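Here's the letter readout for the chains.
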Amino acid sequence: MRYAHAICDQSEILREKPHNRIFGVDVFRKIQESIGLDFVNFHDPVYFMTLLEECGFKTAVRFTMDLVQFERTGQKAPFDFDEPGWITMVKN
């Protein structure tokens, strides 16, 4: 029995711009399907980082996807918009 899941933050872009929710939900659905996750949890970024610290990840740092994409390709596209933090990576 597998209990795979992803934990994702729910940033301002989804709360303040509900028209972007369709795009975000579709992205996470594709991630869920492509790697066989049973479910995906969504959390506020501050809550999630606090949770990581409480679990012993004292040096965790949150990176928005525009920064990850820029380091990877030298360009922020397709994450070059006002709030690229709706999907982030965490490094410990």
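Please refer to the structure higher up on the page.
A short tour of the structure in this document, coming up. Along every chain, residues carry numbers that run from 1 in the direction the sequence is written. Two thresholds apply to this predicted model, a pLDDT of at least 70 for residue-level local features and 80 or more for giving and counting side-chain atom pairs, whereas whole-chain, interface and lining totals are computed over all residues. Excluded from the side-chain calculation are hydrogens and water; included are all heavy atoms of the structure.

**Focus: a nonpolar patch on the surface**
Here is step 1 of the chain: Patches here: salt-bridge-free residues with over 30% relative accessible area, like charges joined within 9 Å, nonpolar side chains (Val, Leu, Ile, Met, Phe, Trp, Tyr) joined within 5 Å. Calculation of accessible area relied on Shrake-Rupley with a 1.4 Å probe; when residues are assessed, cover is drawn exclusively from the protein chains displayed. Note on definitions: salt bridges are taken to be side-chain nitrogens of Lys or Arg within 4 Å of carboxyl oxygens of Asp or Glu. Residues Val61, Phe63, Leu67 and Met89 make up a contiguous nonpolar surface patch of about 330 Å² in total accessible area.
Here is step 2 of the chain: Per the convention used, a helix needs a DSSP run of H or I reaching at least four residues, while a strand needs a run of E reaching at least two, with both numbered from the N terminus. In this structure, leucine 67 sits in helix H4 (residues 65–73).

**Considering unusual backbone geometry**
Here is step 1 of the chain: Residue proline 78 is bonded to the preceding alanine 77 through a cis peptide linkage, with omega at 10°.
Here is step 2 of the chain: One can find proline 78 in the loop between H4 and strand E4 (88–91).

**Here's the deal with the environment of phenylalanine 70**
Here is step 1 of the chain: Mapped onto the elements, phenylalanine 70 comes out in helix H4.
Here is step 2 of the chain: Judged by its relative accessible area of 46%, phenylalanine 70 falls in the partly exposed class.
Here is step 3 of the chain: Put simply, phenylalanine 70 and aspartate 80 are ten residues apart on the chain and 9.6 Å apart in space, counted from C-alpha to C-alpha.
Here is step 4 of the chain: Contacts were defined at the residue level, with two residues in contact if any of their heavy atoms lie within 4.5 Å. Excluding its chain neighbours within four sequence positions, the residues that come into contact with phenylalanine 70 are Gln75 and Lys76. Using a 1.4 Å probe on the protein chains alone, a residue whose accessible area is under 20% of its type maximum counts as buried, one over 50% counts as exposed, and one in between counts as partly exposed.

**Side note on the pattern of salt bridges**
Here is step 1 of the chain: One pass over the full model with this rule turns up two salt bridges.
Here is step 2 of the chain: Across the pair arginine 29 and glutamate 33 runs a salt bridge whose closest N-O atoms are separated by 3.1 Å. Taken as a pair, arginine 29 and glutamate 33 lie in helix H2 (residues 21–35) at a separation of four residues, close to a single helical turn.
Here is step 3 of the chain: For glutamate 33, a relative accessible area of 52% puts it in the exposed group.
Here is step 4 of the chain: For aspartate 66, the salt bridge identified is with lysine 76, shortest N-O distance 3.7 Å. One end of the pair, aspartate 66, is in helix H4; the other, lysine 76, is in the loop between H4 and E4, and ten residues separate them in sequence.
Here is step 5 of the chain: The exposure class assigned to lysine 76 is partly exposed, which follows from its relative accessible area of 37%.

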